[in-house]
Amino acid sequence: MRRIPRSPIEQTQADEAERRRRLPAKWLAAMLITAAVALLAPGVTYMTAGRSSTTTATTTAATTVNTTVNTATAGCQGVTQALLTASGFITNPSRTQGGHLWWRRSADGGSVCIGTVIMWVQYNTTAAKTWQVTIYSARHPAGLIVASRTFSLKRGWYWWGFGVHQAYQGLSAVCVTATESFGMSCVHFSGPAG
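First, a word on scope: everything that follows refers to the structure included in this document. (Residues numbered from 1 in each chain as written. Predicted model: local features only at pLDDT ≥ 70, side-chain atom pairs only at ≥ 80, totals over all residues. Heavy atoms only, no water.)

**With respect to the overall build of the chain**
(1) Moving on: Within the chain, the secondary structure is distributed over one helix and nine strands.
(2) Moving on: Seen in sequence order, the chain has helices and strands lined up from the N terminus as α-β-β-β-β-β-β-β-β-β.
(3) Moving on: By the burial criterion, 37% of the 194 residues in the chain qualify as buried.
(4) Moving on: The long-range share in the chain, meaning contacts at least 24 apart out of those at least 6 apart in sequence, stands at 66%.
(5) Moving on: Counting only carbon and sulfur atoms, one obtains 59% of the accessible surface of the chain, whose full area is about 11,700 Å². (Helix = DSSP H or I, 4+ residues; strand = E, 2+ residues; numbered from the N terminus. Buried < 20%, exposed > 50% of the residue type's maximum accessible area, 1.4 Å probe, protein only. Contact = heavy atoms within 4.5 Å. Areas by Shrake-Rupley, 256 points an atom, 1.4 Å probe, with all protein chains shown as cover.)

Shown next, in the form of structure tokens:
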């Protein structure tokens, strides 16, 4: 039996067809590995934006209060990551951090843009807790809650991302906390570099 050589066009079409057949297997393998790793993490419960059968995250109250000091930078994006230290029930399962946030200083150095704030909260029993992001600045020395959300969750560790995306003049700290829990974690900011 003799093999008839293929033209370059036929070979390219055959190669594309072969890649299309293999792609689903690669995706399936990636999904299985991800699922296996998720199942192996002990004591971690993953919270999704919607309801699921494994996580009964019920949003009992959701309020977001945004105060913009500099409206020209509304919708700002943070570019530098800062870790929130683990403190009390504000912690991830490995107790290495309480979350993190993304920030960026304005070109003139007078304000700081806070992008997304990610926080972890540990629940020891089923409870309703209000998660809060508070900023401290020259204008708000006693603190201003800029984002909050209440969750009723079962025992476990959960995380949530708050899209703050605002710039604050004279920002000194961003803190996260949850009611019915002890612990507060903060990132402190110094004045503009001169």
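Here the narrative resumes.
**Describing the pairing of strand β8 (residues 171-178)**
(1) Moving on: Within β8, seven of the eight residues are buried, which leaves it mostly tucked inside the rest of the structure.
(2) Moving on: Summarising the sheet, strand β5 (residues 127-137) and β8 pair through seven bridges and their orientation is antiparallel. Each residue of the ladder has a partner; that of Val133, found in β8, is Val176.
(3) Moving on: Direction of pairing for β8 relative to strand β9 (residues 184-188): antiparallel, over a ladder of five bridges. Residue Val176 lies in a different strand from β9, and its bridge partner there is Ser185.
(4) Moving on: Hairpin connection between β8 and β9: a loop of five residues separates the two successive antiparallel strands, and Glu180 in this loop has a positive phi of roughly 60 degrees. (Pairing = 2+ DSSP bridges.)

**Concerning the state of the cysteines**
(1) Moving on: This structure, assessed with the given rule, holds two disulfides.
(2) Moving on: Covalently, Cys175 is tied to Cys186 through a disulfide, its sulfur atoms 2.0 Å apart. One disulfide, between Cys175 and Cys186, carries an S-S torsion of 110 degrees and so falls in the right-handed class. In this pair, Cys175 is assigned in strand β8 and Cys186 in strand β9, connecting sequence segments eleven residues apart.
(3) Moving on: Using a relative accessible area of 3% as the deciding quantity, one classes Cys175 as buried.
(4) Moving on: With a relative accessible area of 22%, Cys186 lands in the partly exposed category. (Disulfide = S-S within 2.5 Å.)

**Section: the packing of aromatic side chains**
(1) Moving on: In total, this model carries five aromatic pairs according to the counting rule given.
(2) Moving on: Ring geometry for Trp103 versus Phe189: centroids 5.2 Å apart, planes at 75 degrees, classification edge-to-face. One end of the pair, Trp103, is in strand β3 (residues 99-105); the other, Phe189, is in the segment after β9, with 86 residues separating them in the sequence. An identical accessibility class is assigned to Trp103 and Phe189; each is buried.
(3) Moving on: One aromatic cluster is present, built from ring pairs that chain together Trp131, Phe151 and Trp160.
(4) Moving on: Positioned above the aromatic ring of Tyr123, the side-chain terminus of Lys129 is 4.4 Å from the ring centre. (Phe/Tyr/Trp six-rings, centres within 6.5 Å; stacked < 30°, edge-to-face > 60°. Lys NZ or Arg CZ within 6 Å of the ring centre and 35° of its normal.)

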